[in-house]
Structure formats: C-alpha cells, structure tokens
Amino acid sequence: MDLTRPDSAVPRGGTVRPFIRIEDLTVEYRSPSNQPLTAIDRLNLDVAQGEFISVVGPSGCGKSTLLMAVDGLLQPVEGRIEIDGTPVTAPGRDRAVVFQEFALLPWRTVRQNVAFGLEGQRMSKARREETVSRYLRLVGLENFAGHYPSQLSGGMRQRVGIARALAVEPQVLLMDEPFGALDAQTREILGEELLRIWDAHQRTVLFITHDIDEAVFLSDRVAVMTRRPARIKEIMAIDLPRPRTIEVKSSKPFGQYRRRIWDMLHDEAIQASRER
Amino acid sequence: MRRPVDVQNPPAVQRARARAEGTRRTARTRPRDQRLTRLWISSATVAVAILLWEVAARTGVMDARFTSSPSGVVANLPWLVESDFRVHAGYTLYAITAAFGLSLVAGAAAGLVIGRVRLARRLLDPLVTIGYTTPLTAFIPVVVMFLGLGITSKIVIGLVGGVFPVLVNVAAGAGTVDPPLLRAARSFSVGRFQTYRHVIVPSVLPYAVTGARIGLGRVLIGVIITEMFGGSQYGLGLLLIRMGQSFRTDELMLLVLVVGIAGTLTVGGLRSWERRMARWRAV
C-alpha cells in the first residue's frame, strides 16, 4: 500500500499544495463563422500528486479542450494552470498525452514510435533503446517492436500510444478519451491494464472520457463538467478499494456511484442536446 | 474526430493469424506468382503485336515504306552506333535530366510552401491552375521567342511540364498531414525542423513520388516536342522529324521504339518505387 496517495477527500486547502492547480481557466476559440466561442468558463480544479482523476461531461462540452490547455497546446484567455507550482505556457517534458486517435507515425515501427518523444532529449542511444524496451515490455508489446501500426489491432495501437507517453517519464499523464475508438472488450482490458501500470508507477493522471463506468472504475475522483461554456459542476470521490478488478463493476457501491454521476450528467446532456 | 477501427477482425490480425498457422509461405509467394504471370501475359501481348506487324508488312496489308517492319527495324540496329544518334540522345538526355531535376526541386519546395502556408496557397493557386491546365505546347512559341532555340528552351519547357505535377501532388500531401500527428509532435516538444523531417516530409513522400512519375512523363514530352519544333541543332526530337521527312521509316520506327522503351522503363521504375514506399500504409 502506498500511504502517500491522497485518500478520497478533495485535496483542497490544508497544508498540501495541489500538484495540478487550474484557476479560473477560460478558453475561447473562433467558430467557423469567426465568432468567439467560450469553450471553458472560469473553471477551477485541483489535482493531488499521484491522483487518478477523470473528467466526464456531455459531448462537445470542452473536455478535450481542457486537456489541451493543461498540455499547453491551447492558450487560455484568462486564468492559469500550474503544475507543481510552475505555470503552464507550452507543452513540456513533465506532461505527455495519450490521444484518442492514437496519432502514431504509420511509417515507423512500434519501437520507433515509442522513441518519438525521447528523440528531442539529450540521452545516449543505448539509454534511449533501453528506456523504449522497458516501456514496450510494460505494455506487453516487446514481441511486436518491429511491426508497423497498420499491422496492429486498435487496442495494440493504443498500447503503443501509452508506451510512447510513459517513455518520456512525465509527471502528469494526460489521456484524451484514449479508449474511445476501441470496442467494449478491448476497452475493459486496457482499463485494467492502465490501473496496473498506474499502481506500479504512481503518476498523476488526468483522464478524459464520456464513459461513466470507465471513469468510476479507474478514478480516485470523477469531475463532472457542465455543458458549454464548461465549468466543473461537481466532483465525486470514488471510495472503492484498490487494487480494483473488473468484478468491482458489479458491486453495489459501484452502481451507486454510476447512478449519481449519471444523474449529474443527465440534465446537462439533455440541455446540451437541445441547444445544438 | 473519431475514426472507426475494426478491432474485431482487422486485416493485420488475420495476417498474423495466418502467419501463426504456418500459412505464411503461400500468402507471401502468391503476389510474386501473380506478378510473374502478369509479366508473361504482357510479354505475350507485345510478341503478338510484333508478329502481326511483321506479317502485315510482308503481305502488303501495310505499306512497309511508311510503316517499316520489325525485321527492318532490327536490321537497322547498328545505325544507333554508327550514326550520330548518340550525340542527339546525349543532348536529349541532358535536357531531360536537367528539366526533371529542376522540376523535383522547385516543385517540392513550392509544393511544401503552398501546402503548409494558407496565404501562399491563396496567392499562387490561380497561377498553378493556369500552368497545369494550359497545354504544354502552347508555351513553346513563347519560350522559344524569349530564349532562342538552344538547349535552354528545351529545359524550360520540360520544367514547365514537370514542375506542376510535382508541385500539385506535394502541396496536396503537405496540406493533408494527419492533424493528430502534428498535435502529437507539438505535444512531445518536437521542434519545427524535426517535425518537418519526421512528420511532414514522410507524409508527403508518397505524394511526391506520384508527382515525380507524372512529371517525368511530361518532361519527356516537353523536351522532345520542343526539339521537333525546329531550329534545334541536336536532340532525338529533331532526329525523329528528320527521319520522317526523308522517309527513313526503319530508323524512324527504331527511334520511336527506343524513346518508348526508355520512357516505359523510367516511369515504370518510379511506379514500383511508389508502390514500395507505400509499404507501411494499411493494405
């Protein structure tokens, strides 16, 4: 057991400084008709070190926008994001993203893809190869190192995406609906695998999903977003024992969490679909 | 943007399964067998065509004075060595190489800019469309007027023919680089130059080869037609016209065959390179 992991309580106030601090974050972008559109409106969220937090919300509410802002790919018009006390201004080595679309280079082998994030770093070739091999083993792809992405199934491709992100050894793992393009079974298997990796590596994870089951199963806390312009509507601490296995999904508390989050989401989703 | 992925039974898994079951050899040799069969068929077609040509010339169905005959062509093979054919061919080859090389460099550079920079695309799109759609021959009088009848005119016409296919294809490739790949490069702090090197250029390469293949064909036409246009002192185009005008049909047909075979081989070579380059693409 790891005693440094925060318990389920919201890590706000007290003496502990949050690891990720998002303060009054406002993000705008221009619609195709060049109208400024507020995607995120004064959003606040604190995340503790080593915490697994999921963000759920109605589709199109700006979940991915939030993730891109934390990665530094989008500049907020207002507010700030700090990681371990340092303001985020651009993508950095302390964060790595797992993309929904996998975003693998099709002309590179699995091994070369995992090395992609390491190439800009000053490290010896031997060390880089060693790091790549370690993370290939971690995601169970050591026997596919020479394959091209087109030769892999969707689930295996996303394992490559996860290994590529972990290989840069980021403090924060940003996951943008990483299992969104996969079928239900693959999704479940990869979810369990992700928990195993997270248990072993203790990284802070910000996980975007629209799948409530997935969010409850994986997370310490689930943040529910409102429809656009998005804010955090409510945060639910998931007090289920770890390590978790698939069986926990059929437990009574799991059902209750799911129900309550679904209720929170329901109104937003309905209103959002009416406004479209 | 979500792309559906057939996770249930993707072709890669089917292939992997086939491999695991030891059926790899058949799966691998079949395409080669097919290629061999195709080669046989096309060789047979050519053989039959040559035979018909010979028969037609001998029986007088076609007047051999105008059409020559395969045996006449073969009998004239030494002419290629004895005459000044080599000098003419050298000039043409030089013009083609120069025009094709310039087309590749200029087309790739301009194509990258047009594909990646919206302002450049807006400014240059009309010019590119005009340049690509105007018949190549229409440029010849203009270019010859400016540059005279030397080798420069041939190279310029070849360049006008070759540069646009390269440019248009490279621009199409550069404009359609998968956005998530670019986002991943930014997210992993890959620098601008490295992003070009590792993401954009590899994405564009298959398009560039397609452009090069189409461009090479147009360079060949441009150079030889300009040589035919007259005044030029050397070149296969000039030689073709001369042989035609003096009714030396055996030599004329020999030249046509030489040019045709050379074009087929180079363009065919580019085509097979094109296919090999697409190896990593989903089949």
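This is a predicted model, so every value here is computed, not measured.

1. Quick look at the overall build of chain B
Along chain B, the regular secondary structure elements total 13 helices and 0 strands. When the helices and strands of chain B are listed from N to C terminus, the series reads α-α-α-α-α-α-α-α-α-α-α-α-α. The buried share of chain B, reckoned over its 283 residues, is 31%.

2. Some words on the overall build of chain A
Scanning chain A from N- to C-terminus turns up 7 helices and 10 strands. The C-alpha radius of gyration computed for chain A amounts to 19 Å, which stays within 12% of the reference 19 Å derived for 276 residues, consistent with globular compactness. The principal-axis extents of the C-alpha atoms in chain A amount to approximately 50 × 50 × 40 Å. When each of the 276 residues of chain A is scored for burial, the buried share is 45%. Expressed as a percentage of contacts within chain A between residues at least 6 apart in sequence, the contacts between residues at least 24 apart total 72%.

3. Thoughts on the nonpolar core
One broad rule of soluble globular proteins: the nonpolar side chains tend to lie buried together. Core analysis: the biggest nonpolar cluster contains 133 residues, and Ala163(A), Leu206(A), Ile261(A) and Val170(B) have the highest contact counts within it. Of the residues forming this core, the biggest block, 14 residues, is contributed by helix α9 (residues 151-175) of chain B. In this structure, Ala163(A) is in contact with Val114(A), Tyr135(A), Leu136(A), Leu138(A), Val139(A) and Leu141(A), ignoring residues within four places of it in sequence.

4. Overview of the sheet that holds strand β6 (residues 95-98) of chain A
Residues and elements named next belong to chain A. Here 6 strands make up an open sheet; going across it, the order is β6-β7-β8-β3-β9-β10 and the pairing mixed. Each edge of the sheet is formed by a strand with only one pairing partner; in this case those strands are β6 and β10 (232-237). Put simply, the sheet's adjacent strands are angled 20 degrees from each other on average, direction ignored. Summarising the sheet, strand β3 (residues 52-56) and strand β8 (residues 204-208) pair through 4 bridges and their orientation is parallel. For Ser54, the partnering residue across the bridge sits in β8 and is Phe207. Along the sheet, helix α7 (residues 252-275) contacts β3, β9 (221-225) and β10; its crossing angle with β10, the most-contacted strand, is approximately 175 degrees.

5. Considering the packing of helix α12 (residues 236-245) of chain B against helix α13 (residues 249-277) of chain B
Residues and elements named next belong to chain B. Contact geometry of α12 with α13 gives a least axis separation of 8 Å together with a crossing angle of 150 degrees. Of the possible angle classes, the one that applies to α12 and α13 is roughly antiparallel. Here the hand of the crossing between α12 and α13 comes out left-handed. Residues Leu236, Leu239, Leu240, Met243 and Gly244 of α12 lie in contact with α13, whose contacting residues are Glu251, Leu252, Leu255 and Val259. Among the residues making up the contact of α12 with α13, the classes are represented as 7 nonpolar, 1 polar and 1 charged.

6. A short note on the sheet that holds strand β5 (residues 86-87) of chain A
All names here are of chain A. With respect to topology, 4 strands assemble into an open sheet ordered β2-β1-β4-β5, the strand pairing being antiparallel. The strands lining the two open edges of the sheet, one partner per strand, are β2 (36-47) and β5. Note: strand β4 (residues 78-83) against β5, 2 bridges, orientation antiparallel. Note on β5: the bridge partner recorded for Glu82 is Pro87.

7. Some words on the packing of helix α11 (residues 192-228) of chain B against α12(B)
Residue and element names in this part refer to chain B. At a minimum axis separation of 6 Å, α11 and α12 run at an interaxial angle of 50 degrees. Considering the angle they form, α11 stands oblique to α12. When you trace α11 past α12, the crossing you get is right-handed. Residues Ile224, Ile225, Thr226, Glu227 and Met228 of α11 form the contact with α12, whose participating residues are Leu236, Gly237, Leu238, Leu240 and Ile241.

8. Quick notes on the confidence of the model for chain A
The predicted model of chain A averages 90 in pLDDT, with 94% of residues at 70 or higher. In this model residues 1-15 of chain A is a low-confidence stretch, pLDDT under 50, and it forms 18 contacts with partners more than four residues away in sequence or in other chains.

9. Considerations on helix α3 (residues 125-138) of chain A
Residues and elements named next belong to chain A. For α3, spanning 14 residues, the distance from its first C-alpha to its last is 20 Å, which sits close to the expected 20 Å at 1.5 Å a residue. Taken residue by residue, α3 has Val132, Tyr135 and Leu136 as its buried positions. Seen along its axis, α3 keeps its buried residues to an arc of 105 degrees; they face one direction. Exposed side of α3, more than 90 degrees from the buried face: Ala126, Arg127 and Glu130 are the residues found there. Buried-residue contacts for α3 involve α2 (110-115) and α4 (154-167). Gly140, located one to two residues past α3, shows a positive phi value of around 75 degrees.

10. Some remarks on the pairing of β3(A)
Residues and elements named next belong to chain A. The buried fraction of β3 is high, at 5 of 5 residues. What you see with β3 is no split at all: Phe52, Ser54 and Val56 on one side and Ile53 and Val55 on the other are buried throughout. Sheet analysis places β3 next to β9, joined by 4 bridges and oriented parallel. The partner of Ser54 across the bridge, within β9, is Val222.

11. Points about the pairing of β9(A)
Within a regular beta strand, the side chains point alternately toward one face of the sheet and then the other, so they alternate between its two faces. Residue and element names in this part refer to chain A. In terms of residue burial, β9 counts as a mostly covered element, since 5 of its 5 residues are buried. With 5 bridges joining them, β9 and β10 adopt antiparallel strand pairing. Counted as the bridge partner of Arg221 is Ala237 from β10. Hairpin connection of β9 to β10: 6 residues between the antiparallel strands.

12. Details of the environment of Glu54(B)
Residues and elements named next belong to chain B. Relative to the assigned elements, Glu54 resides in helix α2 (residues 24-59). A tally of 16 C-beta atoms within 10 Å means that Glu54 is categorised as partly exposed. With 159 residues separating them along the chain, Glu54 and Arg213 place their C-alpha atoms 33 Å apart. Apart from the residues lying within four places of it in its own chain, the contact partners of Glu54 are Ser69, Pro70 and Ser71.

13. Details of the environment of Ala99(B)
Residues and elements named next belong to chain B. Its location among the elements puts Ala99 in helix α6 (residues 85-116). Taking the C-beta count within 10 Å as the criterion, Ala99 has 28 such neighbours and is therefore assigned buried. A sequence separation of 61 residues divides Ala99 from Val160, and the C-alpha atoms of the two residues are 8.5 Å apart. If we skip the residues at most four places from it in the chain, Ala99 touches Ile155, Gly158, Leu159, Gly162, Val219, Gly222 and Val223.

What counts and how
- Residues numbered from 1 in each chain as written.
- Chains lettered and ligands numbered in written order.
- Predicted model: local features only at pLDDT ≥ 70, side-chain atom pairs only at ≥ 80, totals over all residues.
- Helix = DSSP H or I, 4+ residues; strand = E, 2+ residues; numbered from the N terminus.
- Buried ≥ 20, exposed ≤ 12 C-beta atoms within 10 Å, placed from the backbone.
- Rg over C-alpha atoms; globule rule 2.2 N^0.38 Å.
- Contact = placed C-beta atoms within 7 Å.
- Core = buried A, V, L, I, M, F, W, Y, C linked by C-beta atoms within 7 Å.
- Pairing = 2+ DSSP bridges.
- Axes fitted to C-alpha atoms, helices over the stretch in contact; angles between N-to-C directions.
- Parallel < 35°, antiparallel > 145°, perpendicular 65-115°, else oblique.
- Left-handed = near helix turned anticlockwise from the far one by under 90°.
- Nonpolar A, V, L, I, M, F, W, Y, C, P; charged D, E, K, R; others polar.
- pLDDT = per-residue confidence, 0-100.
- Expected span 1.5 Å × (residues − 1).
- Arc of directions from axis to C-beta.

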